[in-house]
Amino acid sequence: MPDAANPATPARSATRGRYRFREYRVAAVPDPMTLPGYEAVCVTGEEHDCAAASGTLHTPGELTRWIAEHCATTGHELYEQTTRAILRAEPGAWQ
Ligand SMILES: [Zn+2]
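The structure displayed is predicted, hence computed values, not measured ones.

Rules behind the numbers
- Residues numbered from 1 in each chain as written.
- Predicted model: local features only at pLDDT ≥ 70, side-chain atom pairs only at ≥ 80, totals over all residues.
- Helix = DSSP H or I, 4+ residues; strand = E, 2+ residues; numbered from the N terminus.
- Buried ≥ 20, exposed ≤ 12 C-beta atoms within 10 Å, placed from the backbone.
- Contact = placed C-beta atoms within 7 Å.
- pLDDT = per-residue confidence, 0-100.
- Pairing = 2+ DSSP bridges.
- Expected span 1.5 Å × (residues − 1).
- Core = buried A, V, L, I, M, F, W, Y, C linked by C-beta atoms within 7 Å.

Draft legend 1. Structural detail: the overall build of the chain. If you tally the helices and strands in the chain, you get one helix and four strands. For the chain, the sequential pattern of α-helices and β-strands runs β-β-α-β-β. Of all 95 residues assigned to the chain, the portion counted as buried reaches 8%. The long-range fraction of contacts in the chain, counting pairs at least 24 apart against all pairs at least 6 apart in sequence, stands at 61%.

Laid out in structure tokens, this is it:
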């Protein structure tokens, strides 16, 4: 399973500098009109995930509470979390 010594991995450092992502800064925007969103989906299961979903919650605490309650009633232990946030791109933020 570990493939850290994979000799087939091409060296990519030669292409560094051709991309200009650093010219943009992307900042989280605290927007009182848009609450952050957190969702957890239960991915416990052998052939099929349980797929129970919390729906959109607005604090990490609510998310943890939903997971704890689902785990307490089902014993399920694996969850996938999705976090929603508003970002703003700021072109020209580099030095
Ligand atoms: Zn479940």
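Draft legend 2. Here's a closer look at unusual backbone geometry. One non-glycine residue with positive phi stands out, namely Ala 51, at about 70°. Within the element layout of this structure, Ala 51 appears in the loop between strand E2 (37-42) and helix H1 (60-74). Assessed through the 11 C-beta atoms surrounding it within 10 Å, Ala 51 is described here as exposed.

Draft legend 3. Representation of the confidence of the model for the chain in the model. Residues of the chain with pLDDT of at least 70 account for 71%, and the chain-wide mean is 79. Confidence scores differ between elements of the chain, with strand E1 (residues 24-28) showing the lowest mean pLDDT of 78 and H1 the highest of 96.

Draft legend 4. Fine view of the pairing of E2. Residues Tyr 38, Ala 40 and Cys 42 line the buried face of E2, whereas the alternating positions Gly 37, Glu 39 and Val 41 sit on a face that is not buried. Sheet analysis places E2 next to strand E3 (residues 79-84), joined by six bridges and oriented antiparallel. Pairing of Ala 40 across the sheet is with Gln 81, part of E3.

Draft legend 5. Geometry of the environment of Leu 35. As for its placement among the helices and strands, Leu 35 is situated in the loop between E1 and E2. Leu 35 sits in the partly exposed class, given 13 other C-beta atoms within 10 Å. C-alpha separation for the pair Leu 35 and Ile 86, spaced 51 residues apart in sequence, amounts to 9.0 Å.

Draft legend 6. Main features of H1. End to end, H1 covers 21 Å across 15 residues, agreeing with the expected 21 Å (1.5 Å per residue, within 8%). On its buried face, H1 is in contact with E2 and E3. Within two residues after H1, Gly 75 carries a phi angle of roughly 80°, on the positive side.

Draft legend 7. Structural context of the nonpolar core. The biggest cluster of nonpolar side chains holds six residues, and these are Tyr 38, Ala 40, Cys 42, Leu 63, Trp 66 and Tyr 79. Mapped onto this core, the elements with two or more residues apiece are E2 and H1. The element contributing the most residues to this core is E2, with three residues. Apart from residues no more than four positions distant in its own chain, Leu 63 is found in contact with Tyr 38, Ala 40, Ser 54, Leu 57 and Gln 81.

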